[in-house]
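Below, each chain spelled out in residue letters.
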Amino acid sequence: MTRTTDLPQLALLTLRDPQAAAEVVLGWNLSKEALWTAIALVSVIVTFLSSLSNLILPVPAPLSAIVGNPFMYFIIAAGGFVATVHAIYWTGRMMGGQGRIEDLMVLLLWLQAMRAAAQVGVIVLLVIAPIFASLLVLFIGVATLWIFINFISIGLQLNSVVRAVVILIVGALVLVVGLSFLLSLIGVSAVGVPLGV
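Before going into details, it helps to say that this report is about the structure given with it. (Residues numbered from 1 in each chain as written. Predicted model: local features only at pLDDT ≥ 70, side-chain atom pairs only at ≥ 80, totals over all residues. Heavy atoms only, no water.)

**Regarding the overall build of the protein**
Assigned secondary structure in the protein consists of eight helices and zero strands. Reading the helices (α) and strands (β) of the protein from amino to carboxyl end gives α-α-α-α-α-α-α-α. Per-residue burial for the protein yields a buried fraction of 39% across its 197 residues. Restricting to contacts in the protein with at least 6 residues of sequence separation, those with at least 24 account for 62%. (Helix = DSSP H or I, 4+ residues; strand = E, 2+ residues; numbered from the N terminus. Buried < 20%, exposed > 50% of the residue type's maximum accessible area, 1.4 Å probe, protein only. Contact = heavy atoms within 4.5 Å.)

And the structure:
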């Protein structure tokens, strides 16, 4: 397949055929330095867009302390990305997956970049047509899940969407348990409230 550098075309391919798009993205062969720089950049963009969205439609009080603090949100966005990659990668390896962690990182980086672009559309619709914004959010959620599953299959060389679903579920559980344990060690919950209250 042609290694396209046309990002809008690649985005459409990602929606139509995530596995073919994954092969294109893996063909970029980003260096580790470029990969980490791109992760930081996308995290900054996501943080900015979330802050802008919060100005238009404020989130409920428990989450406003996080979304309203750009530095904290950036740490959560970047840290959450890295934690998710590791949880999925090592879960996949334990279940027979192959591939490099960098492959999974670049695939999820592309997915995150697409979500950031879609979030711009959501923000615009929040201003001019809030009902359509809700529909777009629903579509983004479903599309993200489908693309994520296919990217896991390709990134871990599983050749099985079913195995990718299992790895996603187990990896998500591992991530939740791990984060809960970490937060319990420092005595806070995910929304900044002491545990055991």
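**Some thoughts on helix 2 (residues 18-26)**
Burial within helix 2 is extensive, with seven of its nine residues counted as buried. Buried residues of helix 2: Pro-18, Ala-20, Ala-21, Ala-22, Val-24, Val-25 and Leu-26, and no others.

**Structural notes on the side chain of Gln-119**
Relative to the assigned elements, Gln-119 resides in helix 6 (residues 101-128). The class for Gln-119 is buried, based on a relative accessible area of 19%. Apart from residues lying up to four places away in sequence, Gln-119 is in contact with Leu-49, Ser-50 and Ser-53.

**Considering the layout of surface pockets**
Here the second largest pocket is characterised by a volume of approximately 230 Å³. Lining the second largest pocket are Leu-7, Trp-28, Leu-30, Ala-38, Leu-41, Val-42, Ile-45, Val-106, Leu-109, Trp-110 and Ala-113. Of all elements in the fold, only helix 3 (32-56) and helix 6 reach the threshold of two or more residues within the lining of the second largest pocket. Class assignment of the residues belonging to the lining of the second largest pocket gives a composition of 11 nonpolar, no polar and no charged. (1 Å grid on protein atoms, 1.4 Å probe; cavity = no way out; pocket = protein on both sides within 12 Å on 5 of 7 lines; lining within 4 Å. Points joined across faces, edges and corners; volume = space filled by probe spheres on them. Nonpolar A, V, L, I, M, F, W, Y, C, P; charged D, E, K, R; others polar.)

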